[in-house]
Amino acid sequence: SSDEEGGEEYLFKIVIIGDSAVGKSNLLTRYARNEFNLHSKATIGVEFQTQSMEIDGKEVKAQIWDTAGQERFRAVTSAYYRGSVGALIVYDISRRTTFDSVGRWLDELKKVYSSVKGLVFWLVVVRSEVAMGACQPSPVVNLKRELTMDGYFAHSDTTVARMLVGNKCDLENIRDVSVEEGKSLAEAEGLFFMETSALDSTNVKKAFEIVIREIYNNVS
Ligand code: GDP
Ligand code: MG
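Only a predicted model underlies this, so the values are computations on that prediction, with no experimental measurement involved. (Residues numbered from 1 in each chain as written. Chains lettered and ligands numbered in written order. Predicted model: local features only at pLDDT ≥ 70, side-chain atom pairs only at ≥ 80, totals over all residues.)

Chemist: Tell me about helix H6 (residues 179-189), and please be specific about residues and values.
Modeler: Buried residues of H6: Gly 182, Leu 185 and Ala 186, and no others. In a view along the axis of H6, the buried residues occupy a sector of 100°, so they form one face of it. Of the residues in H6, the exposed ones pointing more than 90 degrees away from the buried face are Glu 180, Ser 184, Glu 187 and Ala 188. (Buried ≥ 20, exposed ≤ 12 C-beta atoms within 10 Å, placed from the backbone. Helix = DSSP H or I, 4+ residues; strand = E, 2+ residues; numbered from the N terminus. Arc of directions from axis to C-beta.)

See the structure below:
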C-alpha cells in the first residue's frame, strides 16, 4: 500500500476545455459521479471534482476542473489553467463549428503554457504529512523537485498530456464530423483521440484514465 512506500500519493490537475454545450460538464459528472444531466445549465459553484485510480499500486488522484460557462464569452482565464498537467479538448461530433474551434483552444493552451513556463508542475502529496498538517520534504520519489510554498512538490519540466475528445458519439444519426477527421487532427497536433458519449458512458472512463496514465508516465 502507499503507506509502505512512504505515503506517496499523486495529485494531478486536469482541465476540460472546448466550446459551450459540447458536454464538458457531463463528461466530468459521468466520470466522477456516474451522473448525466439532460438539461444541465452552466456549471454553478463547484470548480473541480476529484477522482482516484490506482496505477502501479499507487493511488493517483485527478483533480479535474470544469469551466463555469465562461467559455461562452471566450473568457477562460489563465488561473483556470494554472498548475494543470493534462487537458481534454472537447468538441461535439454533431456540431462542426465546435470542431472548427479546436485549433483556437489548442492555441490558447500553447499560449498559456508558454507564459507560465516553470509554473506548470505536477504535484506529489505526502499523505501522512498532509494529515499532520506539516510540510516537511520527505524522501519519496527519486526525481528532481522543489518544495513550493503550499507544501506540494513541484516539477517544472513536465509535458502536458492532451486528448482530443469527440463527444456525443451516441448522436450517430446527426453526425457532422467523421471519426477520420477527428483522428487526423489529433495526429497532426500530437494529441490522444477518443470519441465519447457522456449520455451512454461510451469511453468516458477510458478517456480520463488514458490522460491520467500518460501524466503518471511523464513524471515517474
Ligand atoms: P458544456 O457546456 O460543455 O459543459 O456542456 P454540458 O455538459 O452542459 O452539456 C450540454 C448539453 O449537451 C446538455 O443538454 C447535455 O445533456 C447534452 N450532452 C452532453 N453530453 C452528451 C452526450 O454525450 N450525448 C448527448 N446526446 N447529449 C449530451
Ligand atoms: Mg459546463
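Back to the text.
Chemist: I'd like a description of the confidence of the model for the chain, backed by residues and values.
Modeler: Mean pLDDT for the chain: 79, with 72% of residues reaching 70 or above. Considering only residues more than four positions removed or in separate chains, one finds that residues 1-5, a stretch of pLDDT under 50, has six contacts. The low-confidence segment residues 116-158, where pLDDT is below 50, has 63 contacts with residues more than four positions distant or belonging to other chains. Overall fold confidence for the complex sits at a pTM of 0.82, while the interface term, ipTM, reaches 0.99. (pLDDT = per-residue confidence, 0-100. Contact = placed C-beta atoms within 7 Å.)

Chemist: Outline the site of ligand 1, supporting the account with residue identities and numerical values.
Modeler: In the vicinity of ligand 1 lie 18 residues, with Gly 23, Lys 24, Ser 25, Asn 26 and Leu 199 positioned nearest. With three residues, helix H1 (residues 24-33) is the largest single contributor of residues to the shell around ligand 1. (Near = placed C-beta within 6 Å.)

Chemist: Got a sec to walk through the pairing of strand S4 (residues 84-92)? Specific residues and values, please.
Modeler: Of all nine residues in S4, nine are buried; the element is thus mostly enclosed. Two elements, S4 and strand S8 (residues 161-167), share seven bridges in a ladder whose sense is parallel. Counted as the bridge partner of Val 90 is Val 165 from S8. (Pairing = 2+ DSSP bridges.)

Chemist: Can you explain the pairing of strand S3 (residues 58-65)? Please cite residues and give values.
Modeler: The pairing of strand S2 (residues 48-55) with S3 spans eight bridges and is classified as antiparallel. Its bridge partner being in S3, Met 53 is matched across the sheet by Val 60. From the end of S2 to the start of S3, which pair antiparallel, there are two residues, and Asp 56 there has a positive phi angle of about 50°.

Chemist: Explain helix H7 (residues 204-219) to me, and be specific about the residues and the numbers.
Modeler: Taking 1.5 Å of rise per residue, 16 residues should cover 22 Å, and H7 covers 23 Å from first to last C-alpha, within 8% of that figure. Turning to H7, its buried residues number three or more, namely Val 204, Ala 207, Phe 208, Val 211, Ile 212, Ile 215 and Tyr 216. All buried residues of H7 fall inside an arc of 170° around its axis, so they share one side. (Expected span 1.5 Å × (residues − 1).)

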